There are 2 protein chains.
Amino acid sequence: MAEYINRLWRLAARPVGNFKDTDFTWHEEPVPALTAGQVLVRNIYLSLDPTNRIWAAQDSYLPAVRLGDVMRGVAIGVVEASHNEAFPVGTFVQGLLGWQLYHVGDGQGLTPIQTIPGQPLLLYHGVLGAIGLTAYFGLLDVGRPKAGETLVVSAAAGAVGSLVGQIGKIQGCRVVGIAGGPEKCRWIVDALGFDAAIDYKHEDVGLALARHCPTGIDVYFDNVGGAILDAALARMNNFGRVVACGAISQYTAERPPTGPANFLLVVSKRLRIEGFIVLDYLPRAQEALPQLLRWVTEGRLKYRLDVIEGLEHAPQAVRKLFDGSNLGKLVVKVSEEP
Amino acid sequence: MAEYINRLWRLAARPVGNFKDTDFTWHEEPVPALTAGQVLVRNIYLSLDPTNRIWAAQDSYLPAVRLGDVMRGVAIGVVEASHNEAFPVGTFVQGLLGWQLYHVGDGQGLTPIQTIPGQPLLLYHGVLGAIGLTAYFGLLDVGRPKAGETLVVSAAAGAVGSLVGQIGKIQGCRVVGIAGGPEKCRWIVDALGFDAAIDYKHEDVGLALARHCPTGIDVYFDNVGGAILDAALARMNNFGRVVACGAISQYTAERPPTGPANFLLVVSKRLRIEGFIVLDYLPRAQEALPQLLRWVTEGRLKYRLDVIEGLEHAPQAVRKLFDGSNLGKLVVKVSEEP
């Protein structure tokens, strides 16, 4: 086979605060020849997600990326060479392909994907990817909203939050989103159909929740943790549910978190706070994907993409997740679609 | 009817820290004549419970006791005079009868109880009362332990915790109790059959949990909140459940609580933290009571009583719940059984 030159980012340091350029090192190196059963994937789109910060920092639901290893990341790619009948050349695949141009492996952990007429390949990083499954199962399976209930979602203009709010509307909820800045707030109300938006950078979230949730909060979908979680806890109704999806406000904190001061309300309000990880729901993906695709084609589930050109910009791009500057699903375009 | 002279404690101040004598005022006053439909109950046993501190301090799952009102409390009494056919003279009743000798009301909220041959009337303040229902539904309905799992319970020598641990043993769990001082720790292991006890006053709870829960914690029944909750969170297994029953370490805190610092683990470990209030389970009491009584008569569910003689000592007695000095179900004997 032709010689392939890989381009890749290795994790060089455990991040402190937001990612820095020096947390990664850039390498260009030849790809070793494939052995029996192996497959070579050319990455096309690399997904950047808040959980990348967890993977780089410490063991959690997955072991931490080892220093010196290729940075872990979900990507969509195409099979360019194959000694594995399950993955013929030309197959699109998705998996933990890493922050690199070429992935070589035995096919374990790769999921073949099929292009959908009229839909971009990138749908698999959004509504039909981890983002969509996170929103679907997190809201419906963990949060269990009922029509007429009030749903509040934080990081509401983010990749997950924007889908959660729209699925909440489809379920008949009153939906209030919390986002940073007027542009994001306008987008979730005007384009996505949220009932109200709270700009946490310019409003007192507690007062705004009281105003926009006159009958209290039944389901709070938490992507941020910290002070906003506390403000939501204070407004929860009895038997309310907190879907603990993430805590982005805490991932880059340099001081240990203090935990929600309003935690005592869990008893008196009989709250259920439940964490989940989308990986646990992958075996049930087929419950969600046809429905999610239907909502997209019907125009009931809208999304935005924030596509950064060039793998070399991944370290700068990933920082946008933590400084609030990205809008929509953040993706790095690593190479051209075939 | 004869003139009855009531003796009662009114709430005089919102408590700060533990209760003080000056938070209550003592009154002796004639009971007004009964009107149509009314019933007069002579209180026999007044239950003192950690939640009394919540009732005195602020609105929560029940409105706060108003300053100047008779202090709220669950009691067992006997009907001494009645203009209500549902409650003939001589009926034993239980309900929110208050910190007083005589309760007058229309019967709303009173539950008739029947003496059980061979069992003391006080069983209705323990295994067959709110305590027993709290342990039963909190552990089985909220915590859902499976045989072979590890259950940890705090305030394990307390009225609720001691029953929780024993029910956990009946379910086939490994049970580790956390209590204050060697006497309580000995009691839960030697008399109640817990697998291990941790003396939080003399041991590092985190290290002791690691030692006594070698396969991690599956269910943590939390009666105390605070630092012990944090230590338990750190040792929870994936998909672990925290039964949020109470947070006695926080009730008398004079500084605002900071919340569990290990809260971030809720997501990565997919924890479920769920609060509950036994009042919500009263309609289902008949699911639990026959089983609880059977376990008592079989000797599988043991309990201790801490009976203080005389209503006049209620303010001193209730403090024992918060300074760790009581062992077993705390009760004030208000008057003699008939």
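Quick caveat: nothing in here was measured; it's all calculated off a predicted structure.

A word on the overall build of chain A
Stage number 1. In terms of helices and strands, chain A carries 10 helices and 15 strands.
Stage number 2. Taking 2.2 N^0.38 as the reference for a compact globule, 338 residues should give roughly 20 Å; the C-alpha atoms of chain A span a radius of gyration of 20 Å, in line with that estimate.
Stage number 3. Along the longest, intermediate and shortest principal axes, the C-alpha atoms of chain A span 65 × 45 × 35 Å.
Stage number 4. Relative to its full complement of 338 residues, chain A shows a buried share of 58%.
Stage number 5. In chain A, 67% of the contacts between residues at least 6 apart in sequence involve partners at least 24 apart.
Stage number 6. About 13,600 Å² of surface is accessible on chain A, with carbon and sulfur atoms providing 53% of the total.
Stage number 7. Side chains of chain A carry 31 positive and 33 negative charges; the gap between the two charge centres is 7 Å.

Some words on the environment of Asp49 of chain A
Residues and elements named next belong to chain A.
Stage number 1. Summarising the element assignment, Asp49 is placed in the loop between β3 (39–47) and α1 (51–57).
Stage number 2. C-alpha separation for the pair Asp49 and Ala159, spaced 110 residues apart in sequence, amounts to 8.9 Å.
Stage number 3. Setting aside residues no more than four positions away along its own chain, Asp49 makes contact with Ile131, Leu321 and Lys329.

Here we look at the packing of aromatic side chains
All names here are of chain A.
Stage number 1. Throughout the structure, instances matching the rule amount to 23 aromatic pairs over all chains.
Stage number 2. Judged by centre distance (4.9 Å) and plane angle (20 degrees), the ring pair of Phe24 and Trp99 falls under stacked. Of this pair, Phe24 sits in strand β2 (residues 24–30) while Trp99 sits in the loop between β5 (92–95) and β6 (102–105), and the two are 75 residues apart along the sequence.
Stage number 3. Within the aromatic cluster, the residues linked to one another by ring pairs are Trp9, Phe19, Phe24, Trp26, Trp99 and Phe322.
Stage number 4. Above the ring of Trp55, the side-chain terminus of Arg72 is found at 5.3 Å from the ring centroid.

Some words on the sheet that holds strand β8 (residues 150–154) of chain B
The pairing of strands in a sheet happens through backbone hydrogen bonds and is either parallel or antiparallel.
Stage number 1. What the 12 strands build is an open sheet, ordered β10(A)-β9(A)-β8(A)-β11(A)-β12(A)-β13(A)-β13(B)-β12(B)-β11(B)-β8(B)-β9(B)-β10(B); its pairing is mixed. Each end of this open sheet is capped by a strand with a single partner; those strands are β10 (196–199) of chain A together with β10 (196–199) of chain B. Looking at each pair of strands side by side, their axes are set apart by 15 degrees on average, direction ignored.
Stage number 2. Two strands pair when backbone bridges link them, and strand β12 (residues 236–244) of chain A and strand β13 (residues 272–275) of chain A are joined in this way by 4 bridges, in the parallel orientation. The partner of Arg241 of chain A across the bridge, within β13 of chain A, is Arg272 of chain A.
Stage number 3. Along the sheet, helix α2 (residues 130–143) of chain B contacts β8, β11 (217–222), β12 (236–244) and β13 (272–275) of chain B; its crossing angle with β11 of chain B, the most-contacted strand, is approximately 145 degrees.

So, the pattern of salt bridges
Side chains that differ in charge, positive against negative, can pair when their charged atoms come close.
Stage number 1. Applying the stated criterion to the full structure yields 35 salt bridges over all chains.
Stage number 2. With a shortest N-O distance of 3.0 Å, Asp141 of chain A and Arg284 of chain A are connected by a salt bridge. Of the two residues, Asp141 of chain A is situated in helix α2 (residues 130–143) and Arg284 of chain A in the loop between β13 and α9 (285–297); the sequence distance between them amounts to 143 residues.
Stage number 3. Overall, the relative accessible area of 30% leaves Arg284 of chain A in the partly exposed class.
Stage number 4. Of the charged contacts, one joins Arg270 of chain A and Asp280 of chain B as a salt bridge, the two residues approaching to 2.7 Å between their closest N and O atoms. Note that Arg270 of chain A is positioned in the loop between α8 (265–268) and β13 and Asp280 of chain B in the loop between β13 and α9 (285–297), a pairing that runs across two chains.
Stage number 5. For Arg270 of chain A, a relative accessible area of 9% puts it in the buried group.

Some points on the confidence of the model for chain A
Stage number 1. Here chain A averages 95 in pLDDT, while 99% of its residues score no lower than 70.
Stage number 2. Here the predicted complex carries an ipTM of 0.90, next to a pTM of 0.92.

A look at the relation of the copies chain A and chain B
Stage number 1. Superposing chain A onto chain B takes a rotation of 179 degrees plus a shift of 0.0 Å along the axis, which leaves an RMSD of 0.1 Å. In short, the pair behaves as if placed about a two-fold rotation axis. Every residue of chain A has its C-alpha some distance from the rotation axis, and the shortest such distance is that of Gly259 of chain A, at 2.2 Å.
Stage number 2. Comparing interface residues between copies, 100% of those in chain A also sit at the interface in chain B, which points to an isologous, same-surface contact.

Observations concerning the nonpolar core
Stage number 1. In this structure, Leu209, Tyr220 and Ile273 of chain A together with Leu209, Tyr220 and Ile273 of chain B are the most contacted members of the largest nonpolar core, which totals 134 residues.
Stage number 2. Non-local contacts of Tyr220 of chain A, meaning those with residues more than four positions away in its chain, are made with Val152, Ser154, Ile228, Leu229, Ala232, Met236, Arg241, Val242 and Val243 of chain A.
Stage number 3. Counting residues in hydrophobic clusters, the runner-up holds 54 residues, among them Leu122, Leu123, Val153 and Val331 of chain B.

Some remarks on the packing of helix α5 (residues 205–212) of chain A against helix α6 (residues 226–235) of chain A
Residues and elements named next belong to chain A.
Stage number 1. Where α5 contacts α6, the two axes come as close as 9 Å, and the packing angle between them is 35 degrees. Crossing of α5 against α6: the hand is right-handed. Judged by residue contacts, Val205, Gly206, Leu209 and Ala210 of α5 engage Ile228, Ala231, Ala232 and Arg235 from α6.
Stage number 2. Its residues assigned to classes, the contact of α5 with α6 shows 6 nonpolar, 1 polar and 1 charged.

Notes on the pairing of strand β14 (residues 305–309) of chain A
All names here are of chain A.
Stage number 1. Across the two faces of β14 the burial differs, with Asp306 and Ile308 buried and Leu305, Val307 and Glu309 not buried at all.
Stage number 2. Sheet analysis places β14 next to strand β15 (residues 329–333), joined by 5 bridges and oriented parallel. Its bridge partner lying in β15, Asp306 is registered against Leu330.
Stage number 3. You can see the chain leave β14, run along helix α10 (residues 314–323) and come back into β15, and the turn it takes is right-handed.

Description of the pairing of β15 of chain A
Working note: regular strand, side chains alternate between the two faces of the sheet.
Residues and elements named next belong to chain A.
Stage number 1. Most of β15 is tucked away: 5 of the 5 residues are buried.
Stage number 2. Judged by which residues are buried, β15 turns out to be covered on both faces: Lys329, Val331 and Lys333 on one side and Leu330 and Val332 on the other are all buried.
Stage number 3. Pairing analysis gives 3 bridges linking β3 to β15, with the strands arranged antiparallel. Paired with Ser47 across the bridge in β15 is Val331.

Examining the domain arrangement of chain A
Frequently, the measure chosen for interface size is the accessible area removed from exposure when the parts meet.
Residues and elements named next belong to chain A.
Stage number 1. Splitting chain A by domain gives domain 1 (5–115 + 304–333) and domain 2 (132–279).
Stage number 2. Domain 1 and domain 2 are separated by 29 Å when their C-alpha centres are compared.
Stage number 3. Approximately 1,200 Å² of surface area, both sides summed, lies buried where domain 1 meets domain 2, with 71% of it carried by carbon and sulfur atoms.
Stage number 4. Contact with domain 2 buries surface across domain 1, with Tyr61, Arg304 and Leu327 losing the most and accounting together for 35% of the total.

Quick word on the side chain of Ser47 of chain A
Residue and element names in this part refer to chain A.
Stage number 1. With respect to the helices and strands, the residue Ser47 is situated in strand β3.
Stage number 2. Reaching out from Ser47, the side chain makes a polar contact with the side chain of Lys329 at a distance of 2.9 Å.
Stage number 3. Contacts of Ser47, omitting those with residues within four sequence positions, involve Asn52, Val74, His125, Lys329 and Leu330.

Observations concerning the interface of chain A and chain B
Stage number 1. Counting from both sides, the interface comprises 28 residues of chain A and, opposite them, 28 residues of chain B.
Stage number 2. When the two sides are added together, the surface that chain A and chain B hide from each other amounts to roughly 2,400 Å², 69% of it contributed by carbon and sulfur.
Stage number 3. In terms of surface lost to chain B, no three residues of chain A exceed Phe263, Val267 and Arg270 of chain A, which account for 25% of the buried area on that side.
Stage number 4. Run the count over chain A and chain B and you get 2 salt bridges.
Stage number 5. The interface formed by chain A and chain B includes 5 residue pairs in polar contact (both at pLDDT 80 or more).
Stage number 6. Secondary structure elements with two or more residues in the side of chain A that touches chain B: β12, α8 and β13 of chain A.

Rules used throughout
- Residues numbered from 1 in each chain as written.
- Chains lettered and ligands numbered in written order.
- Predicted model: local features only at pLDDT ≥ 70, side-chain atom pairs only at ≥ 80, totals over all residues.
- Heavy atoms only, no water.
- Helix = DSSP H or I, 4+ residues; strand = E, 2+ residues; numbered from the N terminus.
- Rg over C-alpha atoms; globule rule 2.2 N^0.38 Å.
- Buried < 20%, exposed > 50% of the residue type's maximum accessible area, 1.4 Å probe, protein only.
- Contact = heavy atoms within 4.5 Å.
- Areas by Shrake-Rupley, 256 points an atom, 1.4 Å probe, with all protein chains shown as cover.
- Lys, Arg positive; Asp, Glu negative; His and termini not counted.
- Charge placed at Lys NZ, Arg CZ, Asp CG, Glu CD.
- Phe/Tyr/Trp six-rings, centres within 6.5 Å; stacked < 30°, edge-to-face > 60°.
- Lys NZ or Arg CZ within 6 Å of the ring centre and 35° of its normal.
- Pairing = 2+ DSSP bridges.
- Axes fitted to C-alpha atoms, helices over the stretch in contact; angles between N-to-C directions.
- Salt bridge = Lys/Arg side-chain N within 4 Å of Asp/Glu carboxyl O.
- pLDDT = per-residue confidence, 0-100.
- Least-squares fit on C-alpha atoms with pLDDT ≥ 70 in both.
- Core = buried A, V, L, I, M, F, W, Y, C linked by side-chain atoms within 4.5 Å.
- Left-handed = near helix turned anticlockwise from the far one by under 90°.
- Nonpolar A, V, L, I, M, F, W, Y, C, P; charged D, E, K, R; others polar.
- Right-handed = clockwise from strand over helix to strand, strands pointing away.
- Domains from an automatic or database assignment.
- Buried area = accessible area lost by both parts, 1.4 Å probe.
- Polar contact = N/O pair within 3.5 Å; in protein donor to acceptor, adjacent residues only side chain to side chain.

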